[in-house]
Amino acid sequence: MKRILLTLLLASIYLGSQAQLHSFIFEGIERTYRLHLPDNYDENLEYPLVINMHGLGSNSFEQQVYTGFDLVADTAGVVVVYPDGVNNQWNVYQDGGVNDVGFISALIDTMDANYSIDLLRVYACGMSMGGFMSHRLACQLNDRIAAIGSVTGLLVYFNCDFSRNVPILQIHGTADDIVPYEGVAYTMQFWTDVNGCPDSVVTELPDIDTTDQSTVTLTTYSPCLEDSEVLLYTINGGEHTWPGAKIIIGITNQDINASVEIWNFFKKFSLPTGVGFSENYLAKTKLKIYPQPANGQLTIEVPGIEENLWKINLYDLSGRLVKSENAVYGNKFSLSLNGLKQGLYIVELSSGTKVFRDKIVVQ
């Protein structure tokens, strides 16, 4: 009954939202997400992207309204995407099962293919299980995610593959009876060890709202290696809630606004150039690839480059090599796509020190 009432309340507020619902097929499953473009979105500009993930049993609809991140996005000029987990949950710890890490990577490519996204400024945050998923992305997708923020979620996936230090923000209530605060210590220890952070500095924040039954303690671990940072906002007396939320479903701190604090943290960080596939998006020379989407055969041009001997590799979004051709001569050539499944792929051209990467869509 409580969940039904909450959903009805969210629905009434949602009537004024500008969100758009979209979907695409990933590994045979239709995956859905809601998208919010900032006011006065201009396709000639590049925008940061925030991936905001819901908790267990919730969905993108509720996460969008509950966190109020659209208001931050409109003020800051940020694109926000709210993905849906399969069966309203995320695979936060298993190597098998639903490939949510691959889905989020494909979602980033989908956003980039359709909107003007700065791929060096892509961030992930979430509530509860969405926060757990943010930590997993910091472990496995840190070549695409510049920083993460978790509200009431913890790290439970440890098979990490680090290409860089990852800035981490954690917000957690001491009275959380769903994800107990006791688990925060290990999560913080893990990330401060990984990031090589020094001793912490503890600050008691002003008790702005004396009626919310809670206060905030900020623990700062900084500067860490590679200018990364780890922050912990402890909500003293806070429950399993999103600070600053207007929908009160438990002890909800109003001294800070989690969405504002998360964005203020994110905006300090971007991916270094040359990390993962992002390096191609900074190249002065762009590949010309057509038609898009492609079916059967693709034409690739390398404009402004004298003829070279190229090696061509084609990867799926999990990083698996699905096609390779050696010693292709010239700066314009065709690539057969026969036998490939529908979806997004990464094409890589290399010749000596020259490397170009871009996305292709196979239909």
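Here, every reference points to the structure presented above.
If you're wondering where the values come from, they're calculated on a predicted model, not measured in any experiment.

## Comments concerning the packing of helix α3 (residues 69-76) against helix α7 (residues 258-266)
Between two packed helices, what matters for the description is the angle formed by their axes and the separation of those axes.
Step number 1: Axis separation between α3 and α7 bottoms out at 9 Å; the angle between their running directions is 40°. Here α3 lies oblique to α7, going by the angle between them. Crossing hand, α3 versus α7: right-handed. Contact residues: Phe69, Val72 and Ala76 in α3; Ser259, Val260, Ile262 and Trp263 in α7.
Step number 2: Here the residues of the contact of α3 with α7 are counted per class, giving 6 nonpolar, 1 polar and no charged.

## Examining the nonpolar core
Step number 1: By size, the foremost hydrophobic cluster in this structure holds 50 residues, and its most contacted members are Ile51, Ile104, Met111, Leu137 and Ile145.
Step number 2: Of all hydrophobic cores here, the second largest spans 34 residues; its members include Tyr82, Ile171, Ala258 and Leu271.

## A short note on the pattern of salt bridges
Step number 1: Under the counting rule described, the total for this entry stands at 5 salt bridges.
Step number 2: With a closest N to O distance of 2.9 Å, Arg31 and Asp100 form a salt bridge. On the criterion of sequence distance, the pair formed by Arg31 in strand β2 (residues 29-36) and Asp100 in helix α4 (residues 100-114) is long-range, its members being 69 residues apart.
Step number 3: Arg31 gets classed as buried once you look at its relative accessible area, which sits at 2%.
Step number 4: With a relative accessible area of 2%, Asp100 lands in the buried category.
Step number 5: Arg144 is paired through a salt bridge with Asp109; the nearest N and O atoms lie 3.1 Å apart. Residue Arg144 is found in the loop between α5 (129-140) and β6 (147-151), and its partner Asp109 is found in helix α4; the two are separated by 35 residues along the sequence.

## A word on the packing of aromatic side chains
Step number 1: With the rule as written, the count across this model stands at 13 aromatic pairs.
Step number 2: On the basis of an interplanar angle of 90° and a centroid distance of 5.1 Å, the ring pair of Phe190 and Trp191 is categorised as edge-to-face. The exposure classification of Phe190 matches that of Trp191, with both residues buried.
Step number 3: Linked through ring pairs, Tyr123, Trp263, Phe265, Phe266 and Phe269 together constitute an aromatic cluster.
Step number 4: Against the face of Phe103 rests Arg31, its NZ or CZ located 3.8 Å from the ring centre.
Step number 5: We note Arg136 situated over the ring of Tyr157; from NZ or CZ to the ring centre the distance is 4.0 Å.

## Quick word on the environment of Glu261
Step number 1: Mapped onto the fold, Glu261 is located in helix α7.
Step number 2: Between the C-alpha atom of Glu261 and that of Leu169, which follows or precedes it by 92 residues, the distance is 9.1 Å.
Step number 3: The residues touching Glu261, leaving out its near neighbours within four places in the chain, are Leu169, Tyr233 and Ile256.

## Some details on the side chain of Asn52
Step number 1: Residue placement: Asn52 occurs in strand β3 (residues 47-53).
Step number 2: Residue classification places Asn52 among the buried positions, given a relative accessible area of 0%.
Step number 3: Within the structure, Asn52 has its side chain in polar contact with the side chain of Gln63 (distance 2.7 Å).
Step number 4: A polar side-chain atom of Asn52 sits 3.3 Å from a polar atom in the side chain of Thr67.

## Side note on the state of the cysteines
Here a disulfide denotes one covalent bond, and it connects the sulfur atoms of two cysteines.
Step number 1: What the rule picks out here adds up to 2 disulfides.
Step number 2: Each sulfur of the disulfide joining Cys139 and Cys160 lies 2.0 Å from the other. With Cys139 in helix α5 and Cys160 in the loop between β6 and β7 (168-173), this residue pair connects regions lying 21 residues apart in the sequence. Summarising the burial analysis for this pair, Cys139 and Cys160 share the class buried.
Step number 3: Cysteine pairing for the chain (bonded cysteines numbered in sequence order): 1-2, 3-4.

## Some thoughts on the environment of Tyr290
Step number 1: Inspection of the secondary structure puts Tyr290 in strand β11 (residues 288-295).
Step number 2: Its relative accessible area of 33% is what places Tyr290 among the partly exposed residues.
Step number 3: In sequence terms Tyr290 and Ile300 are 10 residues apart; their C-alpha atoms lie 6.8 Å from each other.
Step number 4: If we skip the residues at most four places from it in the chain, Tyr290 touches Leu298, Thr299, Glu301 and Lys332.

## Describing the pairing of strand β15 (residues 332-336)
Step number 1: Where burial is concerned, the two faces of β15 differ: the one with Phe333 and Leu335 is buried and the one with Lys332, Ser334 and Ser336 is not.
Step number 2: Sheet topology note: the strand β12 (residues 297-301)/β15 ladder contains 5 bridges and is antiparallel. Across the sheet, residue Glu301 finds its bridge partner in β15, namely Lys332.

Rules used in this analysis
Residues numbered from 1 in each chain as written. Predicted model: local features only at pLDDT ≥ 70, side-chain atom pairs only at ≥ 80, totals over all residues. Heavy atoms only, no water. Axes fitted to C-alpha atoms, helices over the stretch in contact; angles between N-to-C directions. Helix = DSSP H or I, 4+ residues; strand = E, 2+ residues; numbered from the N terminus. Parallel < 35°, antiparallel > 145°, perpendicular 65-115°, else oblique. Left-handed = near helix turned anticlockwise from the far one by under 90°. Contact = heavy atoms within 4.5 Å. Nonpolar A, V, L, I, M, F, W, Y, C, P; charged D, E, K, R; others polar. Core = buried A, V, L, I, M, F, W, Y, C linked by side-chain atoms within 4.5 Å. Buried < 20%, exposed > 50% of the residue type's maximum accessible area, 1.4 Å probe, protein only. Salt bridge = Lys/Arg side-chain N within 4 Å of Asp/Glu carboxyl O. Phe/Tyr/Trp six-rings, centres within 6.5 Å; stacked < 30°, edge-to-face > 60°. Lys NZ or Arg CZ within 6 Å of the ring centre and 35° of its normal. Polar contact = N/O pair within 3.5 Å; in protein donor to acceptor, adjacent residues only side chain to side chain. Disulfide = S-S within 2.5 Å. Pairing = 2+ DSSP bridges.

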